[in-house]
Amino acid sequence: MGRTLTFKIFRYNPTKDNDQPHIEAYRLEEIPRLNVFSALNMIREQQAPDLMYDFVCRAGICGSCAMMINGRPTLACRTLTSDLPDTIELFPLPFFKLLGDLSVDTGVWFREMGERLESWIHTQKQFDPEAQEERMDNATANKIYESERCIECGCCIAGCATAQVYPDFLGAAGLNRIGRFLFDPRDERGDQEWFELVSTDEGVFGCLGMMACDDVCPKDLPLLEVFAYIRRKVSGMALAK
Ligand code: SF4
Ligand code: SF4
Ligand code: FES
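Residues numbered from 1 in each chain as written. Chains lettered and ligands numbered in written order. Predicted model: local features only at pLDDT ≥ 70, side-chain atom pairs only at ≥ 80, totals over all residues.

Colleague: Help me understand the site of ligand 2, please; the structure alone is not making it clear to me.
Modeller: Taken together, the neighbourhood of ligand 2 is formed by 13 residues, with Cys-150, Cys-153, Cys-155, Cys-156 and Cys-217 sitting nearest. Looking at the shell around ligand 2, the elements with two or more residues in it are α4 (155–158) and α6 (171–183). Considering each element in turn, the shell around ligand 2 owes the most residues, three residues, to α6. (Near = placed C-beta within 6 Å. Helix = DSSP H or I, 4+ residues; strand = E, 2+ residues; numbered from the N terminus.)

Here it is, written out as structure tokens:
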């Protein structure tokens, strides 16, 4: 006999007059290989047709279904109910703008972060569509690839104490983005430019280094290595000043 699960879900629709944040409980018979995302689909089909949550890929790729599951920021589509107790509490990610119930807007924050860090290759070279692709050594290409694996789910920001206190803090996702361009030899930004971008309380100096972000990142990005690299670079830049 399978378990009966109780889902305690945060409900609030900010666009509805007189709606108040509250918790609603839904009971569901557990089936084999059930994940939290599929459970939400069943609850929406059978019990709460107006329940709001996000998804696109259902495969841990798009980052849309991130939410707090029993107090931990993670992906609903990658979380099996068999790994959780009978009672499962679901809340929206903190920090990001609440759209309703479990749905938050991570897109605005990620776009602003990308613009703030000028997340593109800065180069004076003219683009030549006929030219051969520039060569890069494997180790460097791998480091860039690892940083590029970020799916912008927002779990690291939701799990970061500094981000909750300082809304302008770049968080692990922002620092990882900096690392991606610092690694890239095609980016011609100089030390001074990088130093101004990174060496602030909103950048690497605001980071407490306890690595909650590393614990919760569902893609296991090598955040520890990226932060260590940025810190070494910033120290070098400070000594050269
Ligand atoms: S190490 Fe801590 S303070 Fe720094 S980004 Fe990660 S969670 Fe935030
Ligand atoms: S660094 Fe990890 S936790 Fe943070 S947004 Fe990217 S994939 Fe999500
Ligand atoms: S639905 Fe895309 S990561 Fe879960």
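Colleague: What's the story with the pairing of strand β3 (residues 66–69) in this structure? I'm lost.
Modeller: On a regular strand, each side chain points to the face opposite its neighbour's, so the side chains alternate between the two faces of the sheet. Alignment of β3 against strand β4 (residues 72–75), held across four bridges, turns out to be antiparallel. When the sheet's bridge partners are listed, Met-67 is paired in β4 with Thr-74. Taking the residues between adjacent antiparallel strands as the criterion, β3 and β4 are bridged by two residues, where Asn-70 takes a positive phi near 45 degrees. In terms of strand pairing, β3 meets strand β5 (residues 87–91) through two bridges, oriented antiparallel. Counted as the bridge partner of Met-68 is Phe-91 from β5. (Pairing = 2+ DSSP bridges.)

Colleague: Mind showing me how you'd approach the packing of helix α3 (residues 138–148) against α6 here?
Modeller: A packed helix pair is summarised by two numbers, namely the angle formed by the two axes and the spacing between the axes. It is at 9 Å that the axes of α3 and α6 come closest, and there the two elements cross at 160 degrees. By the angle between their axes, α3 is roughly antiparallel relative to α6. Remark: the crossing between α3 and α6 carries left-handed chirality. Counting all contacts with α3, which are made through Thr-140, Lys-143, Ile-144, Ser-147 and Glu-148, the residues of α6 involved are Asn-176, Gly-179, Arg-180 and Phe-183. Of the residues in the contact of α3 with α6, the class split is two nonpolar, four polar and three charged. (Axes fitted to C-alpha atoms, helices over the stretch in contact; angles between N-to-C directions. Parallel < 35°, antiparallel > 145°, perpendicular 65-115°, else oblique. Left-handed = near helix turned anticlockwise from the far one by under 90°. Contact = placed C-beta atoms within 7 Å. Nonpolar A, V, L, I, M, F, W, Y, C, P; charged D, E, K, R; others polar.)

Keep in mind that these numbers describe shape and distance, not what the molecule does.
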